[in-house]
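If you want the building blocks of each chain, they are given just below.
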Amino acid sequence: MPCEADPDTAQGDLPGALPPELRAELIAFRRDLHMHPELGNREFRTTAAVRERLEKAGLRPRTLTTGTGLICDIGRDSASYAASGRPVLALRADLDALPIPDTKTVPYRSTVPAMAHACGHDVHTTVVLGAGLVLAGLAEQGLLPHPVRLVFQPAEEVLPGGALDAIESGALDGVGRILAVHCDPKVEVGRIGLRIGPITSACDRLEVTLSGPGGHTARPHLTTDLVTAAARVATDVPALLARRVDTRSGLAVTWGRLEAGHACNVIPQDARLSGTVRCLDIQAWRDAPDAVHAAVDEVAGMHRAKSEISYVRGVPPVMNDPEVTGLLRRAMTARRGRYAVEDTEQSLGGEDFSWYLEHVPGAMARLGVRPVGDTTRRDLHCGDFDVDEGAIEVGVELFTAAALLDGNRM
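Everything numeric here is computed off the predicted structure, so don't read it as measured data.

Participant: I'd like to hear about the overall build of the protein chain, residue by residue, with values.
Facilitator: Per the secondary structure count, the protein chain includes ten helices and 16 strands. In terms of C-alpha radius of gyration, the protein chain reaches 24 Å, essentially the compact-globule figure of 22 Å for 410 residues. Partitioning the intrachain contacts of the protein chain with sequence separation of at least 6 by distance along the chain shows that 82% fall at a separation of at least 24. Side chains of the protein chain give 43 positive and 55 negative charges; the mean places of these two sets differ by 2 Å.

So, in structure tokens, the structure goes:
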């Protein structure tokens, strides 16, 4: 069922509502993407599907220089309009899926083994596509105040993020503001979550290799006990950092993998740990590599283990601009009333949308995808993740309202 607006506060006369026939088409489009997930920088089928639908609407998308992802301008003479001094509003989506199995039993579950749209990027792509189609129709009627750019980027899940490739391909040329949504299973469908300032956290990747001579488990005192050393690095490094970094920064090292040894009576010659480094504060993010290196070296040295560290920079926090966040609030209020907007907390998740905000102001909204009344706890990056598809209509109308309201500002 379509999500109902609040009749007391929503502005029903604002154009750009989603037609029922397009709503049905978009749900089918999302399900097709869901059934055919593709990993970062390999989104060839997804790119082709988006391109085909945009071209069918008479638009002229161009593929990014990396081979996947698209940029598409809507509105007559978009390039010349941007060059004339009025910046373009950009709407961003991400295309890639995750390397995890889809455990749902729905008819549109993934058909690709060990691969699933478990972070909602199929919804993000469908929302921006739908908004683009509606805005293209308004442009034909002369109702689009100024041009809008659609940005379909690859590889959001691949550090440091496909946003950098999109920017390199010109996604932000002539852009003054940029908007995005991200599915949130904690927010009920028909609502969005907003926050001024940091809404996500910084996220880096950490790989640690420990080495030593190895030996017999009967004589650990004659060698370097790498299993114990790895265990201590896994537990002591996070604890040490908690006492060396301001706790208000929220810096957290969390391990996702630990490998050491092959036999019960052999002390191995190497051990490997991999995980993430996340923090809420941008200055702590800038200082994190040195702090993490020092902590790992110190703990490993206590156990006579040599350490090699690969610290891969990921993404800074997404910093929502106050004015652009206000635009999203006004847009959602215009569509569905003031009660459709709720305050949201900063999460420890990372998002490469932050790279765009290093260049232009923008904001990301959390798009509610939890069915009304559903108390089941689902989370992103899980094989059973799914959405209430009414969220597609909400996202489309949020973006179309934002484009209209932004275009009418002085």
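Participant: Explain the environment of R286 residue by residue, including any values.
Facilitator: Assignment of secondary structure puts R286 in helix α7 (residues 282–302). Spatially, the C-alpha atom of R286 lies 18 Å from that of F353, the residues being 67 residues apart in sequence.

Participant: Can you tell me about the pattern of salt bridges, naming the residues and giving the values?
Facilitator: Using the criterion set out here, one finds 31 salt bridges in the structure. The salt bridge partner of E393 is R336, with a shortest N-O separation of 3.9 Å. Highlighted residues: E393 in helix α10 (residues 390–407) and R336 in helix α8 (residues 322–336), separated in sequence by 57 residues. Salt bridges here are not isolated pairs; linked through shared partners, they connect R30, R31, D122, D386 and E389.

Participant: Describe the sheet that holds strand β1 (residues 62–63), listing the residues and the values that go with them.
Facilitator: Strand order across the open sheet formed by eight strands is β1-β2-β4-β3-β5-β16-β6-β15, with mixed pairing between neighbours. Of all the strands in the sheet, just β1 and β15 (341–343) have a single pairing partner and so form its edges. With three bridges connecting them, strand β6 (residues 192–194) and β15 associate as parallel partners. Paired with I192 across the bridge in β15 is V341. Helix α2 (residues 44–56) contacts β1, β2 (70–74) and β4 (148–153) of the sheet and is inclined by roughly 15 degrees relative to β2.

Participant: I'd like a description of the packing of aromatic side chains, backed by residues and values.
Facilitator: Applying the stated criterion to the full structure yields one aromatic pair. Aromatic pair F353 and Y356: ring centres 5.8 Å apart, planes at 50 degrees, arrangement tilted. Taken together, the residues F353 and Y356, both in helix α9 (residues 353–357) and three residues apart, mark about one turn of the helix. In this structure, R313 is placed above the aromatic ring of W285, and the distance from its NZ or CZ to the ring centre is 4.1 Å.

Participant: Tell me about the sheet that holds strand β10 (residues 252–260), and please be specific about residues and values.
Facilitator: Strand order in the open sheet formed by four strands is β10-β12-β8-β13, with antiparallel pairing between adjacent strands. Either end of the sheet is taken by a strand with one partner, and the two such strands are β10 and β13 (306–315). Put simply, the sheet's adjacent strands are angled 15 degrees from each other on average, direction ignored. Across eight bridges, the pairing between β10 and strand β12 (residues 270–279) is antiparallel. What sits directly across from E259, in β12, is R272. Of the strands in this sheet, β8 (202–211), β10 and β12 touch helix α6 (residues 226–244), which is tilted by about 175 degrees from β10.

Participant: Tell me about the packing of α2 against helix α4 (residues 121–140), and name the residues and values.
Facilitator: In a packed pair of helices, the relevant descriptors are the angle between the two axes and the axis-to-axis distance. Packing of α2 against α4 brings their axes to within 10 Å, and their N-to-C directions diverge by 10 degrees. Between α2 and α4, the angle is such that the two are roughly parallel. Of the residues in α4, those touching α2 at V50, R53 and L54 are T125, L129 and L133. Taken together, the residues that form the contact of α2 with α4 break down as four nonpolar, one polar and one charged.

Participant: Go over α8 with me, naming the residues and quoting the values.
Facilitator: The end-to-end C-alpha distance of α8, which contains 15 residues, comes to 21 Å, matching closely the 21 Å that a straight helix rising 1.5 Å per residue would cover. Looking only at α8, the buried set comprises V324, T325, L327, L328, A331, M332, A334, R335 and R336. The inward-facing, buried residues of α8 abut β5 (175–188), β6, β14 (319–320), β15, β16 (362–370) and α10. Measuring from the side-chain oxygen of the N-cap residue of α8 to the backbone nitrogen of E323 gives 3.0 Å; that N-cap residue is D321. Positive phi shows up at G337, right after α8, with a value of about 95 degrees.

Parameters and conventions
Residues numbered from 1 in each chain as written. Predicted model: local features only at pLDDT ≥ 70, side-chain atom pairs only at ≥ 80, totals over all residues. Heavy atoms only, no water. Helix = DSSP H or I, 4+ residues; strand = E, 2+ residues; numbered from the N terminus. Rg over C-alpha atoms; globule rule 2.2 N^0.38 Å. Contact = heavy atoms within 4.5 Å. Lys, Arg positive; Asp, Glu negative; His and termini not counted. Charge placed at Lys NZ, Arg CZ, Asp CG, Glu CD. Salt bridge = Lys/Arg side-chain N within 4 Å of Asp/Glu carboxyl O. Pairing = 2+ DSSP bridges. Axes fitted to C-alpha atoms, helices over the stretch in contact; angles between N-to-C directions. Phe/Tyr/Trp six-rings, centres within 6.5 Å; stacked < 30°, edge-to-face > 60°. Lys NZ or Arg CZ within 6 Å of the ring centre and 35° of its normal. Parallel < 35°, antiparallel > 145°, perpendicular 65-115°, else oblique. Nonpolar A, V, L, I, M, F, W, Y, C, P; charged D, E, K, R; others polar. Expected span 1.5 Å × (residues − 1). Buried < 20%, exposed > 50% of the residue type's maximum accessible area, 1.4 Å probe, protein only. Polar contact = N/O pair within 3.5 Å; in protein donor to acceptor, adjacent residues only side chain to side chain.

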